[in-house]
Amino acid sequence: EDQVTQSPEALRLQEGESSSLNCSYTVSGLRGLFWYRQDPGKGPEFLFTLYSAGEEKEKERLKATLTKKESFLHITAPKPEDSATYLCAVQAMGTSGSRLTFGEGTQLTVNP
Amino acid sequence: GAGVSQSPRYKVAKRGQDVALRCDPISGHVSLFWYQQALGQGPEFLTYFQNEAQLDKSGLPSDRFFAERPEGSVSTLKIQRTQQEDSAVYLCASSAGTANSPLHFGNGTRLTVT
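Q: Pulling in residues and values, what's your account of unusual backbone geometry?
A: The step from Ser7 of chain A to Pro8 of chain A runs through a cis peptide bond, and the omega angle for that step is -10°. Along the chain, Pro8 of chain A falls in the loop between strand S1 (3-7) and strand S2 (10-14). Omega for the bond connecting Ser7 of chain B with Pro8 of chain B falls within 30 degrees of zero, at -10°, which places this linkage in the cis form. At Glu60 of chain A, a residue that is not glycine, the phi angle is positive and equals roughly 55°. Structurally, the position occupied by Glu60 of chain A is in the loop between strand S6 (56-59) and strand S7 (62-66).

Below, the structure is given as structure tokens:
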């Protein structure tokens, strides 16, 4: 059974204080690993897809990396508007369509 | 429209009532998914459509849950005889259906069963 574990559950940072969020996964053949951002009362918003170990993707202050067992979301010099819940999800080989298995998320708060 | 649209945004039902939740996917998206998200949890898969065909309904928690997409566009998730444990946010997502195409989510319907 595919499994995704995210840590920490919650993270408080000061504006400008860089950090990383972790996503550990167990999957029977990884087709893709996805990062989403979710604001309160909203649906998840797509950030990145990573396909193979060693791959990295960047968007503004965010950088996602992937190994064979885990992914990291690095946040450089965060701003208060980066406050949100960050969700990691995996898509396994052979699953129907683009079905994703999500972790429980990391709730990030960035204080000014 | 530009994104996935869900209605209603909020629904309060008394235990035992039937509810129907609507999803309008992004135009041209062949794949449509329903997820259930409990408070403080990640979304959990319910069911998947490719066009009008329901290809996977393995995540539906009981036979009280039923989904349809008769014309391959708008989808409805129906819950019969609602129970308190059905209280959650129900998210709809669509994708272009190509390999690794990302899911685009709506803002969900928050269902509260009293």
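That shown, we press on.
Q: Explain the pattern of salt bridges to me, using residue names and the numbers behind them.
A: According to the stated counting rule, one finds eight salt bridges over all chains in the structure shown. The partner of Arg99 of chain A in a salt bridge is Asp56 of chain B, with the nearest N and O atoms 3.0 Å apart. Of the two residues, Arg99 of chain A sits in the loop between strand S9 (84-92) and strand S10 (101-102) while Asp56 of chain B sits in strand S6 (residues 53-56), which places them in two different chains.

Q: Hey, could you go over the layout of surface pockets for me, with residue numbers and the actual values?
A: Its volume calculated, the largest pocket comes out at about 810 Å³. Around the largest pocket sit 34 residues that line it, and Gln38 and Thr85 of chain A together with Gln37, Gly40 and Gln41 of chain B are the ones nearest its centre. Elements with a minimum of two residues in the lining of the largest pocket: S1, S9 and strand S11 (106-111) of chain A together with strand S9 (88-95) of chain B. In terms of residues, the lining of the largest pocket owes the most to one element, S11 of chain A, which gives four residues. In terms of residue class, the lining of the largest pocket is made up of 12 nonpolar, 16 polar and six charged. Residue assignment for the lining of the second largest pocket shows that the elements contributing at least two residues are S1, S9 and S10 of chain A together with strand S5 (44-50) of chain B.

Q: Outline the interface of chain A and chain B, supporting the account with residue identities and numerical values.
A: Residue-level contacts link 21 residues of chain A with 22 residues of chain B. Together, the buried faces of chain A and chain B total about 1,700 Å²; carbon and sulfur atoms form 50% of this surface. Where chain A meets chain B, there are one salt bridge. Inspection of the chain A/chain B interface yields seven residue pairs in polar contact (both at pLDDT 80 or more). Secondary structure elements with two or more residues in the side of chain A that touches chain B: strand S4 (30-38) and S9 of chain A. Top contributing element to the side of chain A that touches chain B by residue count: S4 of chain A, with five residues. Within the side of chain A that touches chain B, the residues separate by chemical class into eight nonpolar, nine polar and four charged.

Criteria and cut-off values
- Residues numbered from 1 in each chain as written.
- Chains lettered and ligands numbered in written order.
- Predicted model: local features only at pLDDT ≥ 70, side-chain atom pairs only at ≥ 80, totals over all residues.
- Heavy atoms only, no water.
- Helix = DSSP H or I, 4+ residues; strand = E, 2+ residues; numbered from the N terminus.
- Salt bridge = Lys/Arg side-chain N within 4 Å of Asp/Glu carboxyl O.
- 1 Å grid on protein atoms, 1.4 Å probe; cavity = no way out; pocket = protein on both sides within 12 Å on 5 of 7 lines; lining within 4 Å.
- Points joined across faces, edges and corners; volume = space filled by probe spheres on them.
- Nonpolar A, V, L, I, M, F, W, Y, C, P; charged D, E, K, R; others polar.
- Contact = heavy atoms within 4.5 Å.
- Buried area = accessible area lost by both parts, 1.4 Å probe.
- Polar contact = N/O pair within 3.5 Å; in protein donor to acceptor, adjacent residues only side chain to side chain.

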